[in-house]
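Chain residues, written in single-letter form:
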Amino acid sequence: MRTTQMLMPTLREVPAEAEVVSHQLLLRAGFIRKLASGVYTYLPLAMRVLQKIERIVREEMNRQGGQELLMPIIQPAEIWLESGRWHVYGPELFRLKDRHDRDFCLGPTHEEVITLLVRGEVRSYKQMPLLLYHITNKYRDERRPRFGLMRGREFIMKDLYSFDRNEEELDVSYQKMHEAYTNVFTRCGLKFRPVEADSGAIGGSSTHEFMVLADSGEAAILYCSHCDYAANIEKASLPAAGLDAAVPPLELEQVSTPGQKSAAEVAQFFGLETSQVIKTMIYRTDKELVAALVRGDRDVNEIKLLNVLGALTVELASETEVQQATGAPTGYAGPVGLKKIRMVADHEVMALVNAVAGANQGDAHYKNVNPDRDFKPDLVADIRMVQAGESCANCGGTLEEARGIEVGQIFKLGTKYSKTLGATYLDENGKEQPIVMGCYGIGVSRTMAAAIEQNHDADGIIWPASIAPYHAVVIPVSAKDQGQMELAGDLYDQLNRLGVETILDDRAERPGVKFKDADLIGYPLRIVVGAKALSEGVVEVRQRRSGQVDLLPVDQLAEKVK
Ligand code: ATP
Ligand code: MG
Ligand code: MG
Ligand code: MG
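Procedures and definitions
- For every chain, the first residue of the written sequence is number 1, and numbering continues from 1 onward in sequence order.
- For naming, the first written chain is A and the first written ligand is 1, with later ones following in the order written.
- In keeping with the predicted nature of the model, local features appear solely for residues at pLDDT of at least 70, side-chain atom pairs appear and are counted solely at 80 or more, and the whole-chain, interface and lining totals rest on all residues.
- Strands here are runs of E lasting at least two residues and helices are runs of H or I lasting at least four, both read from the DSSP assignment and numbered beginning at the N terminus.
- Burial is judged by counting the other C-beta atoms within 10 Å of a residue's own C-beta: 20 or more makes it buried, 12 or fewer makes it exposed, and any count in between marks it as partly exposed, with every C-beta position built from the backbone.
- Here contacts are defined at the residue level, using C-beta atoms placed from the backbone and a cut-off of 7 Å between them.
- Two strands are said to pair when DSSP picks up at least two bridges between them.
- With axes taken as lines fitted to C-alpha atoms, and helix axes fitted only over the stretch in contact, angles between N-to-C directions fall between 0 and 180 degrees.
- The score called pLDDT rates the predictor's confidence residue by residue, from a low of 0 to a high of 100.
- Each nonpolar core consists of buried Ala, Val, Leu, Ile, Met, Phe, Trp, Tyr and Cys residues. Their C-beta atoms, within 7 Å, join them into a set.
- In this analysis a residue is considered near a molecule or strand if the C-beta atom, reconstructed from its backbone, is found within 6 Å of that molecule or strand.
- For this classification, Asp, Glu, Lys and Arg are treated as charged, while Ala, Val, Leu, Ile, Met, Phe, Trp, Tyr, Cys and Pro are nonpolar and the rest, including Gly, are polar.
- To estimate the expected span of a helix, count its residues, drop one, and scale the result by 1.5 Å.
- This arc is taken over the directions from the axis of the helix to the C-beta atoms.
- Any angle that is under 35 degrees is reported as roughly parallel, and any over 145 degrees as roughly antiparallel; angles of 65 to 115 degrees are reported as roughly perpendicular and all others as oblique.
- Crossings are sorted by hand: turned counterclockwise from the far helix by less than a right angle, the near helix makes the crossing left-handed, and turned clockwise it makes it right-handed.

Colleague: Lay out the overall build of the chain with the relevant residues and their values.
Modeller: Helices and strands together make up the secondary structure of the chain, namely 21 helices and 29 strands. Within the chain, the fraction of its 562 residues that count as buried is 41%. Taking contacts inside the chain between residues at least 6 apart in sequence as the whole, the part at least 24 apart equals 71%.

See the structure below:
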């Protein structure tokens, strides 16, 4: 490709709206343009990078036995009602109606769609394990879309779902994905770390986030300098806060309530009034809520909404208050604000007896709950964020802190969706069993941005070779010089023929402009064809990352840089 023919509009100025480096550089280097808040067009250079990341992702998914399919983005509300998530997903779900006034949403994720597919098509234990994935746009009406591709409202994700016969086989699928993710991010040339994360209300099961290490990362990670312990700060803090330990096992009758999610459904199940149902999602699995708050996924209004259901109140310092009190930069009020979360039980709830409350695990409720007797209202106040310098719970070593960008997450779902959506199979003995599931996501567009956060300097992007839009740029110093232009054109042809993806900067610009753009766009190699190329037969080859410059004979260039 020749620069004069390509749409790659570079900018000299740093765009005012861009706060983080990747956003600034993606705009300046002509990779993206904004259409609406959190919604971007990917220009040709960006497409090349995205396609390379996707190719690596596909190869690693396929290597583990993943099968690619493509599911719809538009999803009918019925399936979200069936899974119980239509009413709990909150304002992040983009909802829309068709001309017949039927409700739909734009998929933020695809558990419902894939579980229903598998429910219809998988009957026997012989059809598993099954690893199904797709790469497609996802839609999340993020509370605060920002940082360009880092937190978009439309973004590209690879999501794979595993279907297994039992927990042991889920472990195998999970390990395969752990390995695949490690390979993907290694091949993308990124420094990253898998960290333990909190699995929230689903409880017990494990989950890891893959974090690209970068100072601008939204997530705080704690890792041990002596052993391989690494966790995000919520996960590191929550067990240490002893939330579970602090709540003694309730001596209450636990009742299995599969699929009963909303307060109304639970009330009907037990033959009670809705007001007698305490949505203890907040109360006893407050870990999940707190983790969501720390991540900034949920805002105070939403929590109040959740609370209306259970008549519990959460008092939170507003983000602004927290920021003022702590001097925390925008976006980081979560972890520091945590200490200020206080939970108080509503008097009405406290006065209840014989209420029903969630059992802090899937599909179960407690009967005959007396909130005053059975719950301690101030538990959340005990939570304290673990900090660098404290000792590792595993080995006693010292914990270090780093910041990271979540580029992927792997998650053991267990039977959460298969039970609510009725995805079962017949085992060896002809007995019906729920399918055991896992889900595994990679933010493809976020990975492109994360690569830049980790690989840049004052002049621009420094692409890892495996995901660079082009490997090399050939720059004739003077576009007016016929000889230089011809030689540059020959080298460009030769390199492309050898498989070195090369672009020719054939613009009639001053060399300084072309060099600046080459640095900004971040091609790993810059090949300059100047007067010496004609007189002495040498071209200048400069490595973007190291700055190393080599003078190479023209006739050896193609072989050398291959
Ligand atoms: P975050 O904590 O950043 O909100 P998430 O935990 O909600 O992300 P997942 O549901 O785990 O995201 O989705 C899988 C992957 O999709 C994430 O690891 C991330 O790389 C990517 N992703 C999620 N939300 C966005 C977004 N708004 N913009 C770009 N990529 C995203
Ligand atoms: Mg999110
Ligand atoms: Mg997350
Ligand atoms: Mg995640």
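Read on for the rest.
Colleague: Requested: an account of the environment of Y139, with residues and values cited.
Modeller: By the element assignment, Y139 lies in strand β7 (residues 130-139). Residues Y139 and P108, 31 residues apart in the sequence, show an inter-C-alpha distance of 4.7 Å. For Y139, the residues in contact, after removing those within four places along its chain, are F94, L106, G107, P108, R153 and E154.

Colleague: Describe in detail the sheet that holds strand β26 (residues 502-504), supporting the description with residues and values.
Modeller: Taking strand neighbours across the sheet as the criterion, the five strands line up as β26-β25-β27-β28-β29 in an open arrangement whose pairing is mixed. Each of the sheet's edge strands pairs with one partner strand only, and the pair in question is β26 and β29 (549-553). Between one strand axis and the next, the sheet turns by 25° as a mean value, whatever way the strands run. Pairing of strand β25 (residues 472-476) with β26, which is carried by three bridges, proceeds in the parallel orientation. Bridge pairing in β26 places A472 opposite T502.

Colleague: Quick one: what's the story with the sheet that holds strand β4 (residues 74-76), residue by residue and with numbers?
Modeller: Overall, antiparallel pairing links the three strands, which are arranged β4-β6-β5 in an open sheet. The open sheet is flanked by β4 and β5 (94-97), the only strands paired with a single partner. With strand direction ignored, the average angle separating the axes of adjacent strands in the sheet is 35°.

Colleague: Lay out the confidence of the model for the chain in plain terms, naming residues and giving numbers.
Modeller: Per-residue confidence for the chain averages 83 on the pLDDT scale, and 79% of its residues sit at or above 70. Every residue in residues 280-288 scores below 50 in pLDDT, and together they form 30 contacts with partners more than four places removed in sequence or on other chains. Taken together, the stretch residues 377-383 has pLDDT below 50 and engages in 21 contacts with residues farther than four places along the chain or on a different chain. Both confidence scores are given for the complex: pTM 0.81, ipTM 0.99.

Colleague: Requested: an account of the nonpolar core, with residues and values cited.
Modeller: Membership of the largest hydrophobic core comes to 106 residues, with the highest contact counts inside it found for V474, I527 and V529. The element contributing the most residues to this core is helix α2 (residues 44-63), with eight residues. Setting aside chain neighbours within four positions, we find I527 in contact with A472, V473, V474, I475, L491, V539, V541 and L557. If you look at the next biggest cluster of nonpolar residues, it comprises seven residues, including V266, V356, Y366 and V369.

Colleague: Tell me about the site of ligand 1, and please be specific about residues and values.
Modeller: Residues in close proximity to ligand 1 total 17 residues, the closest being F155, Q409, G441, G443 and R446. Taken together, the elements giving at least two residues each to the shell around ligand 1 come down to β8 (154-164), β19 (399-414), β22 (436-443) and α17 (444-454). Among the elements that take part in the shell around ligand 1, β19 stands out by supplying four residues, more than any other. When its residues are assigned to classes, the shell around ligand 1 shows three nonpolar, seven polar and seven charged.

Colleague: Outline helix α18 (residues 482-497), supporting the account with residue identities and numerical values.
Modeller: Taking 1.5 Å per residue as the helical rise, α18 with its 16 residues ought to reach 22 Å, and the 23 Å between its terminal C-alpha atoms agrees with that figure. When α18 is considered as a whole, its buried residues turn out to be Q484, L487, A488, L491, Y492 and L495. The arc that holds the buried residues of α18, viewed along the axis, is 140°, so those residues lie on one side. Exposed and facing more than 90 degrees away from the buried side of α18 are Q482 and R497. Packing partners of the buried residues in α18 comprise β25, β26, β27 (525-529), α20 (531-535) and α21 (554-561).

Colleague: Tell me about the environment of D103, and please be specific about residues and values.
Modeller: Along the chain, D103 turns up in strand β6 (residues 103-106). The contacts of D103, once residues within four sequence positions are left out, are A77, R95 and K97.

Colleague: Go over unusual backbone geometry with me, naming the residues and quoting the values.
Modeller: With omega at 5°, the peptide bond leading from M128 into P129 counts as cis. With respect to the helices, strands and loops of the structure, P129 is situated in the loop between α4 (111-121) and β7. Positive phi values are uncommon outside glycine, yet D101 reaches one of about 70°. Assignment of secondary structure puts D101 in the loop between β5 and β6. Note on D101: 6 C-beta atoms within 10 Å, which makes it exposed. Of note, the phi angle at F147 is positive, near 60°, even though the residue is not glycine. Mapped onto the elements, F147 comes out in the loop between β7 and β8. With 22 C-beta atoms counted inside 10 Å, the residue F147 sits in the buried group.

Colleague: I'd like a rundown of the pairing of strand β1 (residues 32-36), residues and numbers included.
Modeller: Sheet topology places β1 next to strand β2 (residues 39-42); four bridges connect them, and they run antiparallel. Residue pairing in the sheet places R33 in a bridge with T41 of β2. Taken together, β1 and the strand that follows it, β2, pair antiparallel across an intervening segment of two residues, in which G38 is found at a positive phi of about 75°.

Colleague: For the packing of α2 against helix α5 (residues 167-187), give the residues involved together with the corresponding values.
Modeller: It is at 9 Å that the axes of α2 and α5 come closest, and there the two elements cross at 155°. The orientation of α2 relative to α5 falls into the category roughly antiparallel. For the crossing formed where α2 meets α5, the hand is right-handed. Residues I56, V57, E60, M61 and R63 of α2 form the contact with α5, whose participating residues are A180, N183, V184 and R187. Broken down by class, the residue content of the contact of α2 with α5 amounts to five nonpolar, one polar and three charged.

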